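The residues making up each chain are set out below.
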Amino acid sequence: VRPTGTFYAATGMPVKTPGWQVAVAVARSRNGGAYENGDMATLNALLPHLSRALTLHKRFDETTLRVSDGHAVLDRLDVGVILTDAAGRPTFINTRAAGLIDRADGLHASSAGLTASTMEDTRALQQAIETAAALCLHSGGRRDPDSLARSVVSANNGRLYLRRPSLRPPLLVNVMPVRDSQATSAWGGGGQVAIVLSEPDAPPRIDTRALCESFGLGRREASAVALLASGRNPHQIANDLGLSLGTVRNYIKRAFHKTDTHSQAGLTALARGFVGGSDDPPT
């Protein structure tokens, strides 16, 4: 108890670390009289609960930041990534996977879980998720070795091919457990199973911004190179970009010089090393 001018305050420090201090002061007027033992006992009983609540709040904030950072990383991948809980309900869907789901061509998602375009493929997908979730749950050695070994084999064989109504090549799907506690925390506490999706016939998403910054390509040059790497020929690129064929050929010729490549095959191979990330080059 100490006088502070016009009032008295009983002050406690529920959190005190080198980088974070929290003080709680219970004040009363000078006419209120001194604090009694019961008052101090109440404050002392309250402080541990305040300390616990504040510490948990700080940890929640840190976890939220880690989850946000983890999701941002997954969003930059050139493959689809879906995280689900043990029941197969999605807890995170990256941009690439969301695009696949929006097209409703082989994979569907709802709050109830993931389904394929056929019952057979749906059963196979759900079985793979169930196996991966079981392996994640029991990876601490609480199962007998033979059972655990069978789960490992099943999880490693968790590659599926989901047929597509469009008759395009099937989606390639890998299902695996997320057993690392730090990864689970970074990707959201409910993410026990990771599902990685790819389209074998999809053109690569070239990071044209990185091409510009690495080789000094212009915006249009980078766009032409990216389309070339995606399998388009110069005539098609000219049509896609609304340019003349001669202009596109000049862009590709300048790209040869800037990247020190000497053929369209070499330029394509180089560009495909810049898969993922932004496809919006700087002006």
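This text follows the structure it describes.
The structure contained in this document is the topic of the report that follows. (Residues numbered from 1 in each chain as written. Predicted model: local features only at pLDDT ≥ 70, side-chain atom pairs only at ≥ 80, totals over all residues. Heavy atoms only, no water.)

## Some words on helix α6 (residues 208-215)
Given 3.6 residues per turn, any residue in an α-helix points the same way as the ones three and four places further on.
At step 1: For α6, the full list of buried residues reads Thr-208, Ala-210, Leu-211 and Cys-212.
At step 2: Those residues of α6 hidden inside the fold are in contact with α7 (219-229) and α10 (264-271).
At step 3: Near the N-terminus of α6, the side chain that reaches the backbone nitrogen of Arg-209, with its oxygen 3.3 Å away, is that of Asp-207.
At step 4: One or two steps after α6, the chain reaches Gly-216, where phi turns positive at roughly 70 degrees. (Buried < 20%, exposed > 50% of the residue type's maximum accessible area, 1.4 Å probe, protein only. Helix = DSSP H or I, 4+ residues; strand = E, 2+ residues; numbered from the N terminus. Contact = heavy atoms within 4.5 Å. Polar contact = N/O pair within 3.5 Å; in protein donor to acceptor, adjacent residues only side chain to side chain.)

## What to know about the nonpolar core
At step 1: Core analysis: the biggest nonpolar cluster contains 22 residues, and Ile-206, Leu-211, Leu-217, Val-225, Ile-237, Ile-252 and Leu-267 have the highest contact counts within it.
At step 2: Those elements that provide at least two residues to this core are α6, α7, α8 (234-241), α9 (245-259) and α10.
At step 3: With 6 residues, the top contributor of residues to this core is α7.
At step 4: What Ile-252 contacts, discounting residues up to four positions off in sequence, is Leu-228, Pro-234 and Leu-267. (Core = buried A, V, L, I, M, F, W, Y, C linked by side-chain atoms within 4.5 Å.)

## Quick word on the pairing of strand β8 (residues 159-162)
At step 1: Across the two faces of β8 the burial differs, with Leu-160 and Leu-162 buried and Arg-159 and Tyr-161 not buried at all.
At step 2: Bridging between β8 and strand β9 (residues 171-177) involves 4 bridges; their strand directions are antiparallel. Across the sheet, residue Leu-160 finds its bridge partner in β9, namely Val-173. (Pairing = 2+ DSSP bridges.)

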